[in-house]
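Read off the chains here:
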Amino acid sequence: MNILLLGSGGREHAFAHSLSQSPLCEKLYIAPGNAGTALVGENLAFAATDFAAIKQCCLDKQISLVVVGPEDPLVKGIVDFFSQETTLSHIAIVGPTQRGANLEGSKEFAKEFMQRHQIPTARYASFTKETITEGLHFLETMQAPYVLKADGLAAGKGVVILENLQEAQAELKKMLLEEKFGNASQKVVIEEFLRGIELSCFVLTDGDSYLVLPTAKDYKRIGEGDTGLNTGGMGAVSPVPFADASFMKKIEDRIIKPTVEGLQKEKITYRGIIFIGLIKVGEDPYVIEYNVRMGDPETEVVLPRIQTDLVTLLEATAKGKLRNVSLSIDPRSATTVVVVSGGYPEEYQKGKVISGLDTQGESLVFHAGTIEKEGKILTSGGRVLAVTSLDNDFKEALKKSYQRIEKISFEGMYYRRDIGMDL
Ligand code: AMP
Ligand code: GLY
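Residues numbered from 1 in each chain as written. Chains lettered and ligands numbered in written order. Predicted model: local features only at pLDDT ≥ 70, side-chain atom pairs only at ≥ 80, totals over all residues. Heavy atoms only, no water.

Visitor: Hey, could you run me through the overall build of the protein in this one?
Guide: Helices and strands together make up the secondary structure of the protein, namely 13 helices and 23 strands. Relative to the compact-globule value of 22 Å for 423 residues, the protein shows a C-alpha radius of gyration of 21 Å, a close match. In terms of principal-axis extent, the alpha carbons of the protein reach across some 60 × 50 × 45 Å. Looking at the protein as a whole, 57% of its 423 residues are labelled buried. In the protein, the proportion of contacts linking residues at least 24 apart, taken out of those at least 6 apart, comes to 68%. Accessible surface computed for the protein: about 18,000 Å², of which carbon and sulfur atoms make up 47%. (Helix = DSSP H or I, 4+ residues; strand = E, 2+ residues; numbered from the N terminus. Rg over C-alpha atoms; globule rule 2.2 N^0.38 Å. Buried < 20%, exposed > 50% of the residue type's maximum accessible area, 1.4 Å probe, protein only. Contact = heavy atoms within 4.5 Å. Areas by Shrake-Rupley, 256 points an atom, 1.4 Å probe, with all protein chains shown as cover.)

Visitor: Whenever I open this one, the nonpolar core confuses me. Can you help?
Guide: In a soluble, globular protein the nonpolar side chains are often hidden away together inside. Counting 51 residues, the largest nonpolar core has Leu4, Val66, Ile78, Phe82 and Ile276 as its most contacted members. At seven residues, helix 10 (residues 245–265) tops the list of elements feeding residues into this core. The contacts of isoleucine 276, once residues within four sequence positions are left out, are Leu199, Ser200, Cys201, Val203, Ile255, Ile256, Val287, Glu289 and Tyr290. In this structure, Met1, Ile3, Ile30 and Leu390 belong to the second largest nonpolar core, which totals 36 residues. (Core = buried A, V, L, I, M, F, W, Y, C linked by side-chain atoms within 4.5 Å.)

Visitor: Looking at this structure, how should I read the site of ligand 2?
Guide: Every residue near ligand 2 is listed here: Asp218, Gly232, Phe275, Arg293, Gly295, Asp296, Pro297 and Glu298. The separation between a nitrogen atom of ligand 2 and a polar side-chain atom of aspartate 218 is 2.9 Å. Here a nitrogen atom of ligand 2 and a side-chain polar atom of glutamate 298 are 2.8 Å apart. For ligand 2, whose accessible area on its own is 200 Å², the fraction buried by protein is 87%. Partitioned by chemical class, the residues of the shell around ligand 2 number two nonpolar, two polar and four charged. (Near = heavy atom within 4 Å. Polar contact = N/O pair within 3.5 Å; in protein donor to acceptor, adjacent residues only side chain to side chain. Nonpolar A, V, L, I, M, F, W, Y, C, P; charged D, E, K, R; others polar.)

Visitor: Would you take a moment to explain the site of ligand 1 for this structure?
Guide: The local shell around ligand 1 holds 14 residues, among which Glu191, Glu192, Leu194, Glu198 and Glu289 are the closest. Within the side chain of lysine 149, one N or O atom sits 3.0 Å away from a nitrogen atom of ligand 1. Here glutamate 191 contributes a side-chain N or O atom positioned 2.7 Å from a nitrogen atom of ligand 1. With the chains in place, 88% of the 480 Å² that ligand 1 exposes on its own is no longer accessible. For the shell around ligand 1, the secondary-structure elements that each account for two or more residues are strand 7 (146–150), strand 8 (159–162) and strand 17 (284–291). Partitioned by chemical class, the residues of the shell around ligand 1 number seven nonpolar, no polar and seven charged.

Visitor: I'm lost on helix 9 (residues 165–177) in this one. Help?
Guide: For helix 9, built from 13 residues, the straight-helix expectation of 18 Å at 1.5 Å per residue is met to within 8% by its first-to-last C-alpha distance of 18 Å. Taken together, the buried positions of helix 9 are occupied by Ala168, Gln169, Glu171, Leu172, Met175 and Leu176. All buried residues of helix 9 lie within an arc of 160 degrees about the axis, which places them on one face of the element. Looking at the buried residues of helix 9, the elements they touch are strand 6 (124–128), helix 8 (132–141), strand 7, strand 8 and strand 9 (187–191). (Expected span 1.5 Å × (residues − 1). Arc of directions from axis to C-beta.)

Visitor: Just to check I follow, could you spell out the packing of aromatic side chains for this structure?
Guide: Between two aromatic rings, the relevant description is the distance of the centres plus the angle of the planes. For the structure shown, the criterion picks out seven aromatic pairs. The interplanar angle of 80 degrees and the centroid separation of 6.2 Å between the aromatic rings of phenylalanine 113 and tyrosine 290 together place this pair among those described as edge-to-face. Highlighted residues: phenylalanine 113 in helix 7 (residues 107–116) and tyrosine 290 in strand 17, separated in sequence by 177 residues. For the pair formed by phenylalanine 113 and tyrosine 290, the shared burial category is buried. Ring geometry for phenylalanine 127 versus phenylalanine 138: centroids 5.5 Å apart, planes at 45 degrees, classification tilted. In this pair, phenylalanine 127 sits in strand 6 while phenylalanine 138 sits in helix 8, placing the two residues 11 residues apart along the sequence. A relative accessible area of 8% places phenylalanine 127 in the buried class. By the ring-pair criterion, three or more aromatic residues cluster together here, those being Phe51, Phe81 and Phe82. Sitting above the plane of the tyrosine 219 ring, lysine 217 keeps its charged end 4.3 Å from the centroid. (Phe/Tyr/Trp six-rings, centres within 6.5 Å; stacked < 30°, edge-to-face > 60°. Lys NZ or Arg CZ within 6 Å of the ring centre and 35° of its normal.)

Visitor: Would you mind showing me how to read the environment of valine 189 here?
Guide: The topology assignment puts valine 189 in strand 9. Put simply, valine 189 and leucine 357 are 168 residues apart on the chain and 44 Å apart in space, counted from C-alpha to C-alpha. If we ignore the near neighbours within four places in the chain, the residues touching valine 189 are Lys107, Glu108, Lys111, Tyr124, Ala125, Ser126, Val147, Leu148 and Lys149.

Visitor: Help me understand the UniProt feature "domain: ATP-grasp" (unreviewed entry) in the protein in this model?
Guide: In the numbering used here, UniProt assigns the "domain: ATP-grasp" (unreviewed entry) feature to residues 111–319. With 31% helix and 31% strand, residues 111–319 has its two end C-alpha atoms placed 29 Å apart. (UniProt positions renumbered as here; feature names shortened; annotations may be inferred.)

Visitor: What am I meant to see in the packing of helix 1 (residues 10–20) against helix 12 (residues 310–319) here?
Guide: If you want to describe how two helices pack, look at the angle between their axes and the distance between the axes. The interhelical angle for the contact between helix 1 and helix 12, taken along N-to-C directions, is 105 degrees, at an axis separation of 8 Å. The angle between the axes of helix 1 and helix 12 places the two elements in the roughly perpendicular class. Across the interface between the two elements, Phe15, Ser18 and Leu19 of helix 1 pack against Leu310, Val311 and Leu314 of helix 12. Tallied by class, the residues present in the contact of helix 1 with helix 12 amount to five nonpolar, one polar and no charged. (Axes fitted to C-alpha atoms, helices over the stretch in contact; angles between N-to-C directions. Parallel < 35°, antiparallel > 145°, perpendicular 65-115°, else oblique.)

Visitor: Teacher, can you tell me more about the sheet that holds strand 7 here?
Guide: The pairing of strands in a sheet comes from backbone hydrogen bonds and takes either a parallel or an antiparallel form. Spatially, the four strands line up as an open sheet ordered 6-9-7-8, and their pairing is antiparallel. In the strand order of this sheet, the two ends are held by strand 6 and strand 8, each with one partner. For this sheet, the mean angle separating the axes of adjacent strands, direction not counted, is 25 degrees. Taken together, the five bridges between strand 6 and strand 9 define a ladder with antiparallel strand orientation. (Pairing = 2+ DSSP bridges.)

Visitor: Got a minute to help me understand the side chain of histidine 13 in this structure?
Guide: As for its position among the elements, histidine 13 is in helix 1. By relative accessible area, histidine 13 is classed as buried at 5%. Each residue touching histidine 13, except ones within four places of it in the same chain, is listed here: Gly36, Thr37, Val40, Val365, Phe366 and His367.

So, in structure tokens, the structure goes:
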């Protein structure tokens, strides 16, 4: 079959890599893709949110399966668009409807959903411009640190954690009165700070049954020792050593089952991925957030461990036939180290020539912010590459990733040398 994959990051190169290895994949198209996806499929020059171009592509290229990488197209209703367009309604598309995508698109919706279905999460209240006085008082009743979340999508920047009450009150004013995050902060969720260790859990569901994919831990801060600004993610490992069988059972019983059943009870059509951001407080899991897509860079360690044919898995998800598929996982650990442009996540330069990409070796070098120009591969984003390795021992896998990175260079390149060291 012909497949269209939407997106352009390291996550999408990892998807493209696995999809292209399936005997079921005849032709793989990626829109807009990057220099890495171009090695395993054909890039098309339109945005992942350009519904008209996506429709035209599906018709011209006889696409049978659409895989959506990022959240934007889902929150904008691409799945509803496919079901409403008679020429597209036969095409399998992986992802929730717009109502389901609200689990990521609105923090308040997600919190209310968890409350309705008794899913453990931090206590919270939400406020708007009209109720700002209550919001300022509410902060006085909370203990530091203060967690403020813009309700809508804010490119991963909408969560602010502050130690000091006055700062938190000033931040609430900025978010609500000055719309610091635009429309996204017209509503703000204030919640209790949870102290613990984070992990990411991924679930494939067709709305009826579900499969739990491997867990991963992501390293979000730019600096070693988890210091400095938040980024999209600087590295990841899978599986997460502390997510043992008894902890996974708690996650499944208290969080995954009530989530899938909650979607059913609310008649929300959801045939896609649920990414549950979790925090382990003592011995108990709590939900930090839902996302409606895979994580990046978590995908770069989760997909290489999935031995079941990915096209079969995703097609079954989209067509409501997940019950017929079983999951086979590589028992080895996977690690990925993200290589970024100097300055990221603040200002950084683009267009730097990357060398050392063609060296052969067993590590997988996934491209994120790269572009091909006149036969050269140039940097085109903050996160540039994600280098993934597998081994029975995750420390050995990390060693392989770091050895592979030493052969790569571009001006200003930076990466964290302590991924996985805390485990
Ligand atoms: P999010 O954008 O929702 O993933 O939040 C970004 C980060 O903020 C998370 O990965 C956590 O590290 C942190 N965070 C969010 N909510 C809480 C909370 N209630 N308690 C502690 N940390 C939190
Ligand atoms: N790595 C976190 C995310 O994709 O949201």
